[in-house]
Amino acid sequence: SRFSDEMIELAETISDSKDVRELYRRVIGDLELRLMKTVKECETQLLDMSKGEQNVFSSDFAARIEKTNLDGVAPIMKLNDLMEPLMIMHRSLVETGFEEVADGLLLDIIRRVSAFGMTLVPLDIREESTRHTMALDAITRYLGVGSYAEWDEQTRLNFLQTELSSKRPLFRTRDLDSFGFDADVLKTLKCFYMASTLDPDALGAYVISQAQTASDVMAVVLLQKQFGMNADAGNAMRVAPLFETLDDLQNSSDVLDTLFSIAPYVGSIKGKQEVMVGYSDSAKDAGRLAANWALYENQEKMIKVAQKYNIELTFFHGKGGTVGRGGNPALYRAILSHPPNTIQGRFRVTEQGEMITQNFGAPSIAERTLDIYTAAVLREAFVKHVEPKPEWRDQMENISESSCADYRQLVREEPTFVPYFRQATPELELGSLNIGSRPAKRNPKGGIESLRAIPWTFAWTQTRTNLSAWLGVGSALHGDSQHESIMREMYSEWPWFRETVDLVGMILSKTDFSISKNYDDQLVEKTEELRKLGDFVRDKLVLARKGVLKVTGKTEGAGPHVQLLRASTKVRSPYLDPINVVQAELLKRLRSMPEDSQLSDAEVEDRQKLQDALIMSINGIAQGMRNSG
């Protein structure tokens with residue numbers, strides 16, 4: 001027979017015709033009609049959402065769909081509805097001796113469907129833990145059982161565990177607006193409601209920012225259950241706590257231990273847990289070296305907890321483009337230098353900002369980037385990892401404590417630092433120019449602690465100071481001869497430490513004294529305190545450079561890629577330096593202008609031109625520095 005039995009059965013479900021010729025054409029023709037109906041329904045929904053103000057159809061395809069009679073044709077909304085017929089055709093071709101045909105274009109389509117499903121990419125949702133606390137507090141107050149926000153951690157866990165074990169919902173969700181909840185609570189609850197209406201394949205992880213406790217995680221599981229999303233039904237999003245600050249990272253293994261000891265929670269995750277670790281905020285909180293060591297050490301601890309409970313743990317690495325935000329241009333080596341047993345064939349990482357264009361902006365570059373990811377993750381499974389010696393761990397504890405203290409002394413304790421930072425960098429302008437994906441601050445009235453990691457790092461990168469990547473390094477890498485000997489041994493034999501130091505060396509090679517000082521001269525108030533602080537920061541930079549050179553034993557730079565970077569920078573600097581000078585002048589002029597309400601129409605127009613020029617300078621410097629996002 002030219003067809004397998006299941007192929008004949010599939011064709012008969014499409015048409016009751018007894019014609020056994022061209023069964024593949026019959027099945028493919030049906031799939032084509034169903035996909036056209038799917039496109040038409042999706043496009044119609046988009047037109048409804050846009051109120052008919054734009055034509056979202058591509059003209060050729062739209063004309064083809066309009067000419068096709070799709071009455072009674074069922075759209076394909078589930079992945080299996082498309083995958084199953086494709087697999088049946090593939091098996092039929094193989095069984096009947098047409099392996100080459102089966103493994104040609106048909107296999108390509110099967111692979112694409114497997115990779116992209118019906119949704120192209122799944123959507124992650126990310127929300128802060130405080131929002132969920134506010135929502136549950138409003139619910140418990142409505143139910144008359146107390147204030148969730150005022151309960152201690154154990155009381156919260158008892159409540160969450162009881163409700164997760166219960167078959168009844170907390171309340172009826174038909175009309176959320178009728179409960180009298182405030183706008184922020186309604187926004188949170190409606191997000192869960194919307195997620196519950198979508199196909200599970202369209203959704204990925206629910207990431208909890210500022211996660212600190214086990215109740216922060218279980219709260220999301222309960223809110224999903226409230227809206228009909230649960231593991232048994234197969235429509236629940238996986239819940240991923242994001243541990244961002246130094247304290248949160250150090251408590252992360254205890255949080256997982258608590259979660260994995262709660263039966264209803266373990267039952268909801270089906271043996272798998274995703275955890276996001278934050279490189280950006282931890283570095284902003286404690287400095288580069290302290291954050292890196294906390295990430296290394298606590299990933300080790302979390303893996304041990306997961307192994308204890310036989311849970312498959314996947315780390316989601318929240319990195320940015322810059323070294324100060326966890327980025328690493330040497331991607332292959334970066335993956336291989338992760339702590340032992342923390343990848344195991346599973347690696348998830350963020351790509352954002354201009355790094356998306358840089359790594360995926362062209363098909364050939366995107367393929368190369370994915371090749372590097374794939375090769376590194378596969379190779380990592382066979383690499384014999386270097387386990388840090390006890391004396392190395394002790395030395396890292398000393399480095400971490402010293403660098404964190406030095407970093408926080410300037411950023412948190414020095415009273416003139418915040419005024420200096422805001423005057424010497426374009427931080428304030430970044431928040432007002434509407435060029436980011438999120439507000440520059442979590443709390444508009446807060447200081448450095450409320451500033452998001454992206455503008456914190458971006459502002460220092462714009463001035464070629466790069467302070468967020470190296471502050472605290474100098475004092476940490478200086479020590480007596482015994483400590484220097486241990487650090488040189490660590491650099492020589494421990495890939496993770498070598499990669500950490502090399503990255504700091506790379507970013508130090510991108511700093512520029514004269515450019516940084518010009519921003520001070522043009523923008524910072526001429527007071528003794530601020531002038532001294534600028535000089536103090538540059539002295540810290542010199543100390544960091546000396547510390548890196550002392551550990552690496554080199555006369556300049558660190559790592560083989562720094563020499564290539566120097567050559568690249570030498571080519572770009574003649575174009576980049578003038579942009580920095582122009583930007584400082586633009587900031588000076590903009591800051592000298594009064595508020596818009598006090599300007600004439602001509603002056604408002606001049607201000608707008610200056611702001612447009614400033615945005616162009618910001619983009620130019622970001623591209624010139626290459627990893628500022």
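Everything numeric here is computed off the predicted structure, so don't read it as measured data.

Details of the overall build of the protein
Counting its regular elements, the protein contains 28 helices and 6 strands. In terms of overall size, the protein behaves like a compact globule, its C-alpha atoms giving a radius of gyration of 28 Å where 629 residues would be expected to give roughly 25 Å. Along the first, second and third principal axes, the C-alpha set of the protein runs to 90 × 65 × 65 Å. Counting only residues that meet the buried cut, the protein has 48% of its 629 residues in that class. Pairs at least 24 apart in sequence give 78% of the contacts found in the protein among residues at least 6 apart. When the accessible area of the protein is evaluated, it comes to approximately 31100 Å², of which 52% is carbon and sulfur surface. Computed over 75 positive and 90 negative side-chain charges, the separation of the two mean positions in the protein equals 2 Å.

Quick look at the pairing of strand E3 (residues 238-243)
Of all 6 residues in E3, 5 are buried, a share of seventy percent or more. As judged from the 4 bridges shared by strand E2 (residues 203-209) and E3, these two strands associate in the parallel manner. From the neighbouring strand, Tyr-206 faces E3, where its bridge partner is Val-239.

Describing the side chain of Ser-509
Mapped onto the elements of the fold, Ser-509 is located in the loop between helix H24 (495-508) and helix H25 (513-523). Here the side chain of Ser-509 touches Met-506 through a polar contact of 2.5 Å, landing on its backbone oxygen.

Focus on the domain arrangement of the protein
For the protein, the assigned domains read domain 1 (5-116), domain 2 (120-240), domain 3 (244-262 + 269-385) and domain 4 (390-564). When each unit is reduced to the centre of its C-alpha atoms, the spacing between domain 2 and domain 3 is 26 Å. At the interface, 19 residues of domain 2 touch 12 residues of domain 3. For the pair domain 2 and domain 3, the summed buried surface comes to about 1300 Å²; carbon and sulfur atoms form 56% of the total. If you look at where domain 2 meets domain 3, you find 4 salt bridges. Between Glu-244 and Arg-126 there is a salt bridge whose closest N-O contact spans 3.8 Å. Our count for the domain 2 to domain 3 interface comes out at 5 residue pairs in polar contact (both at pLDDT 80 or more). Broken down by secondary-structure element, the contributors of at least two residues to the side of domain 2 that touches domain 3 are strand E1 (123-128), helix H7 (153-165), E2, helix H9 (214-226) and E3. In the side of domain 2 that touches domain 3, the residues fall into 10 nonpolar, 5 polar and 4 charged.

Details of unusual backbone geometry
Even without being glycine, Gln-344 reaches a positive phi, approximately 50 degrees. Residue position: Gln-344 is located in the loop between helix H14 (331-336) and strand E6 (348-349). Given the relative accessible area of 39%, Gln-344 is considered partly exposed. Of note, the phi angle at Arg-464 is positive, near 65 degrees, even though the residue is not glycine. Note that Arg-464 resides in the loop between helix H20 (453-462) and helix H21 (467-470). On the basis of relative accessible area, Arg-464 is assigned to the buried category, the value being 3%.

Points about the side chain of Gln-583
Along the chain, Gln-583 turns up in helix H27 (residues 560-592). Side-chain polar atoms of Gln-583 contact the side chain of Tyr-519, separated by 2.7 Å. Among the polar contacts made by the side chain of Gln-583, one reaches the side chain of Ser-617 at a distance of 3.2 Å. In this structure Gln-583 touches Pro-426, Gln-462, Tyr-519, Leu-614, Ser-617, Ile-618 and Ile-621, once residues within four positions along its chain are discounted.

Digging into the packing of helix H23 (residues 481-493) against H24
Relative orientation of the contacting elements H23 and H24 amounts to 100 degrees, with a least axis distance of 6 Å. Judged on the interaxial angle alone, H24 and H23 are roughly perpendicular. Residue-level contacts link Met-487, Met-490, Tyr-491, Ser-492 and Glu-493 of H23 to Pro-495, Phe-497, Arg-498, Val-501 and Asp-502 of H24.

Topic: the pairing of strand E5 (residues 312-318)
Across the 7 residues that make up E5, a large majority, 6, are buried. Here E5 pairs with E6 via 2 bridges, running parallel. The residue of E6 that forms the bridge with His-317 is Val-349.

Some thoughts on the environment of Arg-531
Note on placement: Arg-531 falls in helix H26 (residues 528-552). Judged by its relative accessible area of 44%, Arg-531 falls in the partly exposed class. At a separation of 2.9 Å, a polar atom in the side chain of Arg-531 contacts the side chain of Glu-528.

What to know about the sheet that holds E6
As summarised here, the arrangement of the 6 strands in space is E1-E2-E3-E4-E5-E6, forming an open sheet in which the pairing is parallel. Of all strands in the sheet, those with a lone pairing partner are E1 and E6, marking the two edges. Contacting E2 and E3, H9 crosses the sheet at an angle of about 155 degrees to E3.

So, the nonpolar core
Across soluble globular proteins, nonpolar side chains have a tendency to be buried as a group. One finds Leu-136, Leu-189, Leu-259, Phe-260 and Tyr-265 to be the most contacted residues of the largest nonpolar core, which totals 62 residues. The leading source of residues in this core is H9, at 8 residues. In terms of domain composition, this core takes at least three residues from each of domain 2 (120-240) and domain 3 (244-262 + 269-385). Look past the residues within four positions of Leu-259 in its chain and what remains in contact with it is Ala-214, Val-217, Met-218, Tyr-265 and Val-266. In this structure, Trp-470, Val-551, Leu-586 and Leu-614 belong to the second largest nonpolar core, which totals 57 residues.

Quick look at the confidence of the model for the protein
Across the protein, pLDDT averages 88, with 90% of residues at or above 70. When mean pLDDT is compared element by element in the protein, H9 scores highest at 97, while helix H3 (residues 59-67) scores lowest at 74. Note on residues 322-328: pLDDT is under 50 here. Beyond four places in sequence and across chains, it has 38 contacts.

Observations regarding the packing of aromatic side chains
Counted by the stated rule, this structure contains 27 aromatic pairs. Judged by centre distance (5.2 Å) and plane angle (55 degrees), the ring pair of Phe-3 and Tyr-24 falls under tilted. Highlighted residues: Phe-3 in the segment before helix H1 (5-14) and Tyr-24 in helix H2 (residues 23-49), separated in sequence by 21 residues. Overall, Tyr-24 belongs to the buried group, its relative accessible area being 19%. Taken together, a centroid distance of 6.3 Å and an interplanar angle of 75 degrees make the contact between Phe-171 and Phe-181 edge-to-face. With a gap of 10 residues between them, Phe-171 in the loop between H7 and helix H8 (183-197) and Phe-181 in the loop between H7 and H8 connect regions that are remote in the sequence. One aromatic cluster is present, formed by Trp-293, Tyr-296, Trp-392, Trp-494, Trp-496 and Phe-497 through successive ring pairs. Here the basic side chain of Arg-348 rests over the ring of Phe-316, its NZ or CZ set 4.2 Å away from the ring centre.

Calculation criteria
- Residues numbered from 1 in each chain as written.
- Predicted model: local features only at pLDDT ≥ 70, side-chain atom pairs only at ≥ 80, totals over all residues.
- Heavy atoms only, no water.
- Helix = DSSP H or I, 4+ residues; strand = E, 2+ residues; numbered from the N terminus.
- Rg over C-alpha atoms; globule rule 2.2 N^0.38 Å.
- Buried < 20%, exposed > 50% of the residue type's maximum accessible area, 1.4 Å probe, protein only.
- Contact = heavy atoms within 4.5 Å.
- Areas by Shrake-Rupley, 256 points an atom, 1.4 Å probe, with all protein chains shown as cover.
- Lys, Arg positive; Asp, Glu negative; His and termini not counted.
- Charge placed at Lys NZ, Arg CZ, Asp CG, Glu CD.
- Pairing = 2+ DSSP bridges.
- Polar contact = N/O pair within 3.5 Å; in protein donor to acceptor, adjacent residues only side chain to side chain.
- Domains from an automatic or database assignment.
- Buried area = accessible area lost by both parts, 1.4 Å probe.
- Salt bridge = Lys/Arg side-chain N within 4 Å of Asp/Glu carboxyl O.
- Nonpolar A, V, L, I, M, F, W, Y, C, P; charged D, E, K, R; others polar.
- Axes fitted to C-alpha atoms, helices over the stretch in contact; angles between N-to-C directions.
- Parallel < 35°, antiparallel > 145°, perpendicular 65-115°, else oblique.
- Core = buried A, V, L, I, M, F, W, Y, C linked by side-chain atoms within 4.5 Å.
- pLDDT = per-residue confidence, 0-100.
- Phe/Tyr/Trp six-rings, centres within 6.5 Å; stacked < 30°, edge-to-face > 60°.
- Lys NZ or Arg CZ within 6 Å of the ring centre and 35° of its normal.

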